[in-house]
Amino acid sequence: MAAHLLVTTTTPDRASGAKIAGSAVAARLAATAQVNGPVASFFWHLGEQGEGEEWNVTFKTTDARYAELEAHIVEQHPWDKPEVTAVELVRGSAGYLQWVEESTSAEA
């Protein structure tokens, strides 16, 4: 069975998050993606503490598609060094996980 991942990034606005989410799903790099926000973010950037509003984008994919999804997110993202992180889903309903695999199959 494939490893299943929850991949996240943040964007400066809903429109850019929706663009990345939609294009990743259309390319079958993710089975699904959700855009949530806005959220308040607190961070260090260019040596200074900052605060701003961001949108979370969450993708469900497989480990086999991760490298392509990461490259897609970085290429489509408006920021130079966007956050792209992934955590492995250690459990999930069998039917759902099978759907993720089928939806991200490069042969589909």
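Note that the coordinates shown come from a computational prediction; the quantities given were computed from them, not determined experimentally.

1. Focus: the nonpolar core
Thought 1: Counting residues in hydrophobic clusters, the biggest one holds 13 residues, and the most contacted among them are Val7, Phe59, Tyr66, Leu69, Ile73 and Val84.
Thought 2: Listing elements by their share of this core, those giving two or more residues are β1 (4-11), α1 (14-26), β3 (48-62) and α2 (63-76).
Thought 3: Not counting the four nearest positions on each side in its chain, valine 7 is found in contact with Val57, Thr58, Phe59, Thr61, Tyr66, Leu69, Ile73, Val84, Thr85 and Ala86.

2. Looking at the packing of aromatic side chains
Thought 1: Tallying each qualifying case throughout the model produces one aromatic pair.
Thought 2: Both rings, one in tyrosine 96 and one in tryptophan 99, keep their centres 5.5 Å apart while their planes meet at 40°; by these two values the pair is tilted. Note that tyrosine 96 and tryptophan 99 are positioned in helix α3 (residues 94-103) at a spacing of three residues, about one turn of the helix.
Thought 3: Overall, the relative accessible area of 32% leaves tyrosine 96 in the partly exposed class.

3. Some words on the environment of threonine 104
Thought 1: Mapping threonine 104 onto the fold places it in the segment after α3.
Thought 2: Each C-alpha atom of the pair threonine 104 and alanine 26 lies 9.9 Å from the other, and the pair is 78 residues apart in sequence.
Thought 3: Beyond its immediate stretch of four places on either side in the chain, threonine 104 contacts Arg28, Leu29, Ala30, Ala31, Lys60, Thr61, Thr62 and Arg65.

4. A closer look at α3
Thought 1: What α3 keeps buried is the set Leu97, Val100 and Ser103. Projection of α3 onto a plane perpendicular to its axis shows the buried side chains occupying an angular sector of 130°, all on one side. Summarising the geometry of α3, the exposed residues directed more than 90 degrees from the buried face are Ala94 and Gly95.
Thought 2: Buried positions along α3 lie against β1 and β3.

5. What about the side chain of histidine 77?
Thought 1: Within the secondary structure layout, histidine 77 lies in the loop between α2 and β4 (85-88).
Thought 2: Judged by relative accessible area, which is 7%, histidine 77 ranks as buried.
Thought 3: Side-chain polar atoms of histidine 77 contact the backbone oxygen of threonine 10, separated by 2.6 Å.
Thought 4: Engagement of the side chain of histidine 77 in a polar contact is seen with the backbone nitrogen of tryptophan 79, the distance being 3.1 Å.
Thought 5: When residues no more than four places from it in sequence are discounted, the contact partners of histidine 77 are Thr9, Thr10, Thr11, Pro12, Ile20 and Pro82.

The rules behind these values
Residues numbered from 1 in each chain as written. Predicted model: local features only at pLDDT ≥ 70, side-chain atom pairs only at ≥ 80, totals over all residues. Heavy atoms only, no water. Core = buried A, V, L, I, M, F, W, Y, C linked by side-chain atoms within 4.5 Å. Buried < 20%, exposed > 50% of the residue type's maximum accessible area, 1.4 Å probe, protein only. Helix = DSSP H or I, 4+ residues; strand = E, 2+ residues; numbered from the N terminus. Contact = heavy atoms within 4.5 Å. Phe/Tyr/Trp six-rings, centres within 6.5 Å; stacked < 30°, edge-to-face > 60°. Arc of directions from axis to C-beta. Polar contact = N/O pair within 3.5 Å; in protein donor to acceptor, adjacent residues only side chain to side chain.

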